[in-house]
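Coordinates in review
Now for the letters of each chain:
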Amino acid sequence: MAAAPAVPLLINLGGSLLGFAATLALIPAFKDRFLAARLFGEDLNKASRRPVPEAQGVISGAVFLIILFCFIPVPFLRCFVEEQCAAFPHDEFVELIGSLLAICCMIFLGFADDVLNLRWRHKLLLPTMASLPLLMVYFTNFGNTTIVVPKPFRLLLGMHLDLGILYYVYMGMLAVFCTNAINILAGINGIEAGQSLVIAASIIVFNMVELNGDYRDDHVFSLYFMIPFFFTTLGLFYHNWYPSRVFVGDTFCYFAGMTFAVVGILGHFSKTMLLFFIPQVLNFIYSLPQLFHVIPCPRHRLPRLNPGTGKLEMSYTKFKTKSLSALGTNILKAVKFLRIVDVRSGTDEDGEYTECNNMTLINFVIKLIGPTHERNLTLLLLLIQVLGSTIAFSIRYQLVRLFYDV
């Protein structure tokens, strides 16, 4: 990018602040239009089941795109002055346009999911399709598929290892993981936008620290995306905070995940970015038996409200004991022994049944601390996200010496 990126970054920041104000204003302005179009849902964790506009991530996503569309010429302003630009940096331009295309595709596909209520298998396919422009940009601009092997494996694999097409498979899977990781850690007011804010802030801090390093241009590129994303999401978070006046929808989860994937892949810090997803990785691992339907998985796994106390309690999935496979039975025995899942058994008119709490990080936190008010639960989960980022920075700048030469 430019030799002195201060001016483009300041312009980007100014546009982002305008985007924050626009998001704050547009969401309530379009509320009635979403309700009229029947794009609304009920807050299942409230005693009053009033309609709440859904898919509001499309508004913050649209504002984000407008900011960056207007910003496209800014990093290349030096090329409008002939003496300061020997040749137009087409590779950087393609990188910027390709990234916006991938994010734009993901917002469109996410909104289609909110409107059409697609199945889970489609939720895995959509990010894969939207990541193709991103992978093509990486192939044409970089094409490097060689990784530095961690120290413990160098005697076996050598100093460097060329993964070839497996590296592109990894990047495609990264895009799928980022979009769905945010989507499955959801269900209470403010959690989707809140966790995305913490991750975005962590990436911004990381980029700022690395501006004086050897890969400054990559981190400047990341900041061009992360700063507008942070401020537009902040506007959405204001309306999504408890008690939520709007729902972000799958649109926002896809939009956020693809934006993180874009900066992680094209900014060349995908491993560091994954470290900022520590709570999402733990939630994914904990959820695996239900995600792969080894243990029955209901459509909604969010906690349930106890109307008497006004607090959230763990939600459960109930099924016939004999319907569970041998693998599912063994998994339930293991998690019950480890006391990380509450498992109950009994008999009713249909015979023997088993029920266990839905396997999400949200329910696990409730299991540890007991029934909790929704606002306090969201705050605790966001503190866990901040703790995860703190651990990520410790690994990135301290423990990394055990695995790489830095």
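What comes next concerns the included structure. These numbers were taken from a predicted model, which means no experiment stands behind them.

Criteria and cut-off values
- Residues numbered from 1 in each chain as written.
- Predicted model: local features only at pLDDT ≥ 70, side-chain atom pairs only at ≥ 80, totals over all residues.
- Heavy atoms only, no water.
- Helix = DSSP H or I, 4+ residues; strand = E, 2+ residues; numbered from the N terminus.
- Rg over C-alpha atoms; globule rule 2.2 N^0.38 Å.
- Buried < 20%, exposed > 50% of the residue type's maximum accessible area, 1.4 Å probe, protein only.
- Contact = heavy atoms within 4.5 Å.
- Areas by Shrake-Rupley, 256 points an atom, 1.4 Å probe, with all protein chains shown as cover.
- Core = buried A, V, L, I, M, F, W, Y, C linked by side-chain atoms within 4.5 Å.
- Polar contact = N/O pair within 3.5 Å; in protein donor to acceptor, adjacent residues only side chain to side chain.
- Expected span 1.5 Å × (residues − 1).
- Patch = residues over 30% accessible without salt bridge, like charges linked within 9 Å, V, L, I, M, F, W, Y side chains within 5 Å.
- Salt bridge = Lys/Arg side-chain N within 4 Å of Asp/Glu carboxyl O.
- Axes fitted to C-alpha atoms, helices over the stretch in contact; angles between N-to-C directions.
- Parallel < 35°, antiparallel > 145°, perpendicular 65-115°, else oblique.
- Left-handed = near helix turned anticlockwise from the far one by under 90°.
- Nonpolar A, V, L, I, M, F, W, Y, C, P; charged D, E, K, R; others polar.
- Phe/Tyr/Trp six-rings, centres within 6.5 Å; stacked < 30°, edge-to-face > 60°.
- Lys NZ or Arg CZ within 6 Å of the ring centre and 35° of its normal.

Here we take up the overall build of the protein. The helix and strand tally for the protein stands at 16 helices and nine strands. The C-alpha atoms of the protein give 23 Å as radius of gyration, which agrees with the globular expectation for 406 residues (22 Å, within 12%). Its C-alpha atoms give the protein principal-axis dimensions of roughly 85 × 60 × 35 Å. When the 406 residues of the protein are sorted by exposure, 50% land in the buried category. Contacts spanning at least 24 positions in sequence make up 75% of the contacts within the protein whose residues lie at least 6 apart. For the protein, the accessible surface area stands at approximately 19500 Å², while carbon and sulfur atoms represent 66% of it.

Moving on, we get to the nonpolar core. Generally speaking, soluble globular proteins have nonpolar side chains that are buried together. The biggest cluster of nonpolar side chains holds 88 residues, and the ones touching the most others in it are I103, I203, F225, F229, M258, F260 and F277. Residue contributions to this core peak at 12 residues, all from helix α11 (residues 249–266). In this structure, Y286, V335, V343 and M359 belong to the second largest nonpolar core, which totals 10 residues.

Attention now goes to the environment of N358. Considering the arrangement of structural elements, one finds N358 in the loop between β9 (351–357) and α15 (361–369). Look at N358 and you get buried, because its relative accessible area is 1%. Note: C-alpha distance between N358 and A130 (228 residues apart in sequence) is 30 Å. With near-sequence residues (within four places) excluded, N358 lies in contact with Q290, P298, H300, R301, S315, Y316, T317 and N363. There is a polar contact of 2.8 Å between the side chain of N358 and the side chain of S315.

Here we take up α11. In an α-helix, one turn spans 3.6 residues; hence positions three or four apart end up facing the same way. Across its 18 residues, α11 extends 26 Å between first and last C-alpha, which sits within 8% of the 26 Å expected from 1.5 Å per residue. Counting buried positions along α11 yields 18 of 18 residues, so the element is predominantly enclosed. Residue H268 follows α11 closely and has a positive phi angle near 60°.

Our focus in this paragraph is the environment of N189. Here N189 is to be found in the loop between α8 (165–184) and α9 (191–210). With a relative accessible area of 4%, N189 lands in the buried category. Note: C-alpha distance between N189 and D43 (146 residues apart in sequence) is 8.8 Å. Setting aside residues up to four positions removed in sequence, N189 forms contacts with D43, K46, N240, W241, Y242, P243, S244, F247, E374 and T378. Side chain to side chain, N189 and K46 meet in a polar contact 2.8 Å long.

Here we take up a nonpolar patch on the surface. Together, V7, I11, L77 and F80 make up an exposed nonpolar region whose accessible area comes to about 400 Å². Within the secondary structure, V7 sits in helix α1 (residues 6–29). Accessibility expressed as a relative area gives 52% for V7, which makes it exposed.

Between α9 and α11, the shortest axis-to-axis distance is 11 Å and the interhelical angle comes to 15°. With respect to α11, the axis of α9 lies roughly parallel. The hand of the α9/α11 crossing is left-handed. Of the residues in α11, those touching α9 at E192, A193, S196, I199, A200 and I203 are F252, C253, A256, F260 and V263. Per-class residue counts for the contact of α9 with α11 are nine nonpolar, one polar and one charged.

This brings us to the pattern of salt bridges. Under the defined criterion, the tally for this structure stands at eight salt bridges. A salt bridge links D342 to R344; its shortest N-O distance comes to 3.4 Å. Judged by relative accessible area, R344 falls into the partly exposed class, the value being 37%. With a closest N to O distance of 3.4 Å, E355 and R344 form a salt bridge.

Next up on the list: the packing of aromatic side chains. Inspection of the entire model under this criterion finds 27 aromatic pairs. Their ring planes at 65° and their centres at 4.8 Å tell us that F71 and Y224 sit as a pair that is edge-to-face. With a gap of 153 residues between them, F71 in helix α3 (residues 57–71) and Y224 in helix α10 (residues 216–240) connect regions that are remote in the sequence. The buried category is assigned to F71, whose relative accessible area is 4%. Among the aromatic side chains, those forming a connected cluster through ring pairs are F64, F177, F221, F225, F229, F252, F255, F260, F277 and F284. A cation over an aromatic ring shows up here: R396 above the ring of Y397, its NZ or CZ 5.0 Å from the ring centre.

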